[in-house]
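Chains, contacts and geometry: an overview
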Amino acid sequence: MIARALTSLERFLLPNACIVCRSLMPPQDPDGLVCPVCCTRARPVVGGCERCHQPLPPIGPCRFCAGWSGAIAWARSGYWLGVMTRTVVHHLKYEDCPCLGGLIAELMVSTIPRPDTGWLVPIPVGARRKRQRGYNQSESIAHSLGRLWQMPVATSVLHRARETKTQTALTPEARLANVAGAFAAAEAPSVIRAPGSRVRQAILVDDVLTTGATLDAAASALASAGWRAVGAVTFARAMPFQARVLVGLP
Ligand SMILES: [Zn+2]
Ligand SMILES: [Zn+2]
């Protein structure tokens, strides 16, 4: 709490510095948090798999989404998780910067095509984490995406059925077990008036896609509640070693 107050005071007293490279923000965007140079440093995910958009291996089908249940129809991520994206997500989640949801959404719409129709559904956080943080970071992103894409946001259809451990240090198998049954969804109304359509389609919104276990668990809850064709969009995607080689990153 004291650290947050000091950060706010520092921002008030000193010229704003980019949270990624610490250089001063340009005069045309004095209140911004990320400088234009750092914004261009994020590497877009240019995918190969039709379903998950992961670059395909040299031989054979995509292995990244092979273990997902059928609940997720498609997934798109804006950028690979790197220095810039990791710092921005860290500040959004742990440094009391919900306004970064706006910048993240702007960056996402420049690389992810607007879905035809559906409701944006942010991945909920547990009640304890939301109390500590004061907001849900995925909700901040979803509301900004909704404004930019002109799509409705549904914040009350999906909730956490139980608290889960943080996924960061878990193996892929442990991640699956950690989030299994972690979500519950409200039943989809028989007719949802999404702009231009009546399809009961949900598009999950999250900050980072690592293995897809969280999105899969959330999509399964929505599918069992009658939602159809669940898609997912995330700002960043963790890069497995194989994908790093394919896109030529160190
Ligand atoms: Zn910068
Ligand atoms: Zn795939």
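Residues numbered from 1 in each chain as written. Chains lettered and ligands numbered in written order. Predicted model: local features only at pLDDT ≥ 70, side-chain atom pairs only at ≥ 80, totals over all residues.

Notes on the overall build of the protein chain
- When its secondary structure is counted, the protein chain shows 9 helices and 6 strands.
- For the protein chain, buried positions account for 40% of its 250 residues.
- Across the protein chain, contacts joining residues at least 24 apart in sequence account for 70% of those joining residues at least 6 apart. (Helix = DSSP H or I, 4+ residues; strand = E, 2+ residues; numbered from the N terminus. Buried ≥ 20, exposed ≤ 12 C-beta atoms within 10 Å, placed from the backbone. Contact = placed C-beta atoms within 7 Å.)

Considering the sheet that holds strand β1 (residues 72–80)
- Pairing is parallel across the open sheet formed by 4 strands, whose spatial order is β1-β6-β5-β2. Only two strands of the sheet have a single partner each, and these edge strands are β1 and β2 (119–122). Along the sheet, successive strands turn relative to each other by an average axial angle of 25°, direction set aside.
- The sheet contact formed by β2 and strand β5 (residues 201–209) spans 4 bridges and is parallel. For Pro122, the partnering residue across the bridge sits in β5 and is Val205.
- Packed onto the sheet, helix α3 (residues 83–94) meets β1, β5 and β6 (228–237) and runs at close to 105° relative to β6. (Pairing = 2+ DSSP bridges. Axes fitted to C-alpha atoms, helices over the stretch in contact; angles between N-to-C directions.)

So, the environment of Gly102
- On the secondary structure map, Gly102 appears in helix α4 (residues 100–109).
- What makes Gly102 partly exposed here is the crowd of 17 C-beta atoms within 10 Å.
- Distance in space between the C-alpha atoms of Gly102 and Ile141 is 6.4 Å, their sequence separation being 39 residues.

Examining α4
- Among all positions of α4, only Leu100, Gly101, Ile104, Ala105, Leu107 and Met108 are buried. The buried residues of α4 all sit within an arc of 160° when viewed along its axis, so they share a single face.
- Next to the buried residues of α4 lie α2 (36–41), β1, α3, α6 (137–149) and β6. (Arc of directions from axis to C-beta.)

Describing the packing of α4 against α6
- Relative to each other, α4 and α6 sit at 50°, their axes nearing to 8 Å. The angle between α4 and α6 falls in the class oblique. Where α4 crosses over α6, the handedness of that crossing is right-handed. Listed contacts from α6 to Gly101, Gly102, Ile104, Ala105, Glu106, Met108 and Val109 of α4 are Gln137, Ser140, Ile141, His143, Ser144, Leu145, Leu148 and Trp149.
- Counted by class, the contact of α4 with α6 contains 8 nonpolar, 6 polar and 1 charged residues. (Parallel < 35°, antiparallel > 145°, perpendicular 65-115°, else oblique. Left-handed = near helix turned anticlockwise from the far one by under 90°. Nonpolar A, V, L, I, M, F, W, Y, C, P; charged D, E, K, R; others polar.)

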